[in-house]
Amino acid sequence: MLENVIIFDTTLRDGEQSPGCSMTLSEKVEIASRLEALRVDVIEAGFAAASKGDFEAIRAVAGEVKDVVVAALARTLPADIEAAADALKKARRPRIHIFIATSDIHMVHKLKKSRDEVLEIVGRTVRHARNLCEDVEFSAEDATRTDPDFLVRVFDQAVKAGATVINVPDTVGYSTPYEFHDLMIRLREQVPGLDKVILSAHCHNDLGMAVANTLAAVRAGATQIECTINGIGERAGNAALEEVVMALHTRKSLFNRTCRIDTTQLYRTCKLVSALIGRPIPANKAVVGANAFAHEAGIHQHGVLSETTTYEIMTPQSVGLAENKLVLGKHSGRHAFESRIGQMGYRLTEDELHRSFDRFKDLADRKKTITELDIEAILQDGRMDAPPIYRLERFIINSGNTITATANVSLVRNGKSREKVAVGDGPMDAAFKAVEKIIGTSFQLEDYSVHSVGAGKDAQGEVVVKIRKNGRLATGHGLSTDVVEAGIPAYINAANRMLGGLCPPAESEAVL
Ligand SMILES: [Zn+2]
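Residues numbered from 1 in each chain as written. Predicted model: local features only at pLDDT ≥ 70, side-chain atom pairs only at ≥ 80, totals over all residues. Heavy atoms only, no water.

Visitor: Before we move on, could you go through the environment of alanine 140 and cite the residues and values that matter?
Guide: With respect to the helices and strands, alanine 140 occurs in strand S6 (residues 136–141). Taking the relative accessible area as the measure of exposure, alanine 140 reaches 0% and is therefore buried. Along the sequence, alanine 140 and valine 453 sit 313 residues apart, while their C-alpha atoms lie 43 Å from each other. The contacts of alanine 140, once residues within four sequence positions are left out, are Ile100, Thr102, Leu151, Phe155, Asn167 and Pro169. (Helix = DSSP H or I, 4+ residues; strand = E, 2+ residues; numbered from the N terminus. Buried < 20%, exposed > 50% of the residue type's maximum accessible area, 1.4 Å probe, protein only. Contact = heavy atoms within 4.5 Å.)

Visitor: If you had to explain the coordination of the zinc ion to someone new, which residues and values would you point to?
Guide: In this structure, Asp14 (OD), His202 (NE2), His204 (NE2) and Leu512 (O) serve as the protein donors to the zinc ion, at separations of 1.9 to 2.2 Å. Considering all 4 donor atoms around the zinc ion, the spread of angles at the metal, 91 to 124°, places the coordination shape in the tetrahedral class. Every donor residue of the zinc ion comes from the same chain, spaced as D-x187-H-x1-H-x307-L. You can see histidine 204 sitting in the loop between strand S8 (198–203) and helix H9 (210–219) and its partner leucine 512 sitting in the segment after helix H18 (483–499), a full 308 residues away along the chain. By relative accessible area, which is 2% here, leucine 512 ends up buried. (Donors = N, O, S within 2.8 Å, 3.2 Å for Na, K, Ca; no water. Tetrahedral: all angles 85-135°; square planar, octahedral: opposite > 155°, others 65-115°.)

Visitor: Talk me through the packing of aromatic side chains; I want residue IDs and the actual numbers.
Guide: Inspection of the entire model under this criterion finds 8 aromatic pairs. Judged by centre distance (5.5 Å) and plane angle (55°), the rings of phenylalanine 337 and phenylalanine 357 are tilted. Residue phenylalanine 337 is located in helix H14 (residues 334–343), and its partner phenylalanine 357 is located in helix H15 (residues 350–366); the two are separated by 20 residues in the primary sequence. Each of the two residues, phenylalanine 337 as well as phenylalanine 357, counts as buried. Ring geometry for phenylalanine 443 and tyrosine 491: centres 6.5 Å apart, planes at 70°, overall edge-to-face. In this pair, phenylalanine 443 is assigned in the loop between helix H17 (427–439) and strand S16 (444–453) and tyrosine 491 in helix H18, connecting sequence segments 48 residues apart. (Phe/Tyr/Trp six-rings, centres within 6.5 Å; stacked < 30°, edge-to-face > 60°.)

Visitor: If you had to explain helix H6 (residues 115–132) to someone new, which residues and values would you point to?
Guide: Taking 1.5 Å per residue as the helical rise, H6 with its 18 residues ought to reach 26 Å, and the 26 Å between its terminal C-alpha atoms agrees with that figure. Three or more residues of H6 are buried, namely Val118, Leu119, Ile121, Val122, Gly123, Thr125, Val126 and Ala129. Here the buried face of H6 lies against helix H4 (78–87), strand S5 (94–101), helix H5 (104–111), S6 and helix H7 (148–160). (Expected span 1.5 Å × (residues − 1).)

Visitor: I'd like to hear about the nonpolar core, residue by residue, with values.
Guide: One finds Phe138, Ile166 and Leu187 to be the most contacted residues of the largest nonpolar core, which totals 100 residues. What leucine 187 contacts, discounting residues up to four positions off in sequence, is Leu151, Val152, Phe155, Val168 and Leu194. With 29 residues, the next largest nonpolar core counts Val409, Val435, Val463 and Tyr491 among its residues. (Core = buried A, V, L, I, M, F, W, Y, C linked by side-chain atoms within 4.5 Å.)

Visitor: Go over the pattern of salt bridges, please, and point to the residues and values.
Guide: Taken as a whole, this structure holds 33 salt bridges when the rule is applied. A salt bridge links arginine 95 to glutamate 137, with the nearest nitrogen and oxygen atoms 2.8 Å apart. One end of the pair, arginine 95, is in strand S5; the other, glutamate 137, is in strand S6, with 42 residues separating them in the sequence. Of the two residues examined, arginine 95 and glutamate 137, each falls in the buried class. As a salt-bridge pair, arginine 115 and aspartate 147 come within 3.2 Å of each other at their nearest N and O atoms. You can see arginine 115 sitting in helix H6 and its partner aspartate 147 sitting in the loop between S6 and H7, a full 32 residues away along the chain. Arginine 115 sits in the partly exposed class, given a relative accessible area of 29%. Each of Arg13, Asp14 and Glu44 takes part in salt bridges that share partners, so that together they form one network. (Salt bridge = Lys/Arg side-chain N within 4 Å of Asp/Glu carboxyl O.)

Visitor: Run through the pairing of strand S2 (residues 6–9), naming residues and quoting values.
Guide: Pairing geometry for S2 and strand S9 (residues 224–227), over 4 bridges, is parallel. Bridged to isoleucine 7 within S9 is isoleucine 225. Pairing of S2 with strand S3 (residues 42–47) involves 2 bridges; the strand directions are parallel. When the bridges of S3 are listed, aspartate 9 appears paired with isoleucine 43. (Pairing = 2+ DSSP bridges.)

Note that every value here comes from positions in space, so none of it alone points to a role or purpose.
Here it is in structure tokens:
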């Protein structure tokens, strides 16, 4: 039997820290449930002392999941450690995760502390955390730029004080696989008692090597790896969970390790995170990108048709990828729709089923063939529910290359309809301005993106809009075979979320 590597997911903490990736409380809880279904071992739910929102999110996640360890991050400050312990009260398996910087550059410029002072703090705060929680993880921030001899002393101190997990972060994404491998080996040789605790790696992707460094750590004996869904995170991001997991899965004999992850849940989890933060998955993204399994070049196609393993090292089914093939049409009934959704692994309430079936029928009138990708887009779009403050009634847009774009938009609020006209740089700008006139406030447009669901002229366009106001960010989605018709509801969706308070802070403090 191969030994399992512990998969520590920090999408809700490190992932959320990256600009534009913030999530609301209910979104975090939804992602946590999905991570539990994916069978990650540890969910880092937030940084308890960072904000009230983070504290509440840890509490909510701790109350929601059952079979997963829930971790909360804390600096080496008594108040931070107590806040983490407090937020974790409802967790069945809580873990306090403490960190302090150990590289000279961080100690001199950020902490303004000597090596001896840092050693004393590590021992004292790990003991404090152990008094409040059985499971304590200790991280040496910027470990890969720390003098290795000093790093050994720091970890020795943490292990002696009772840390149950020792984490080695490549905080600034500086390391390379060879170096990271050698560092892990050195720590295993020189830190007394390290074989009695969990040894963990936490890699950032500044030089594009987060996944490679993480795998090098596994080869060197790391027993836990920290990663995020879609690799979201600070700057260039963290090691992508789906990539590390599929590398372990596909190259089992090389790594001599496996993990508990249900790989068939990977695609669905990646899509959910992508939809909730409003950041589409690039087509060439490893493992879950739209082209990851598309063997379109003639010679490859021929090879794949005669024997799939000629060019396919893993199957689309193994990651639960939805397929872009005809599944339903205009004449498919509610029963066929319901059973297909079930086969795709979704469980909907009666109400959700009713609404998505209506949208499916509407789409079937406009689009010849409906694929799993289309159905998935409908389900994801329905999930971006916002308080129904404003609803689109109708719009008329006049645009062209020789005239100024004009939009006439009518919205309904509390049964009363209001109409405004605005001009703008192009049809969408005009329409957004008309919406703002009706609402009586303006937003900063942070991002506006359109991408097609599947292929073909009649493909649906998925629009994601991000707006900012007073340091808060709201994301809106729209879906239609007509991109203008998708864009306006996306903007209204974002505005409703902003007005209804479903708008997390746009920026958070960066750590680890
Ligand atoms: Zn990090």
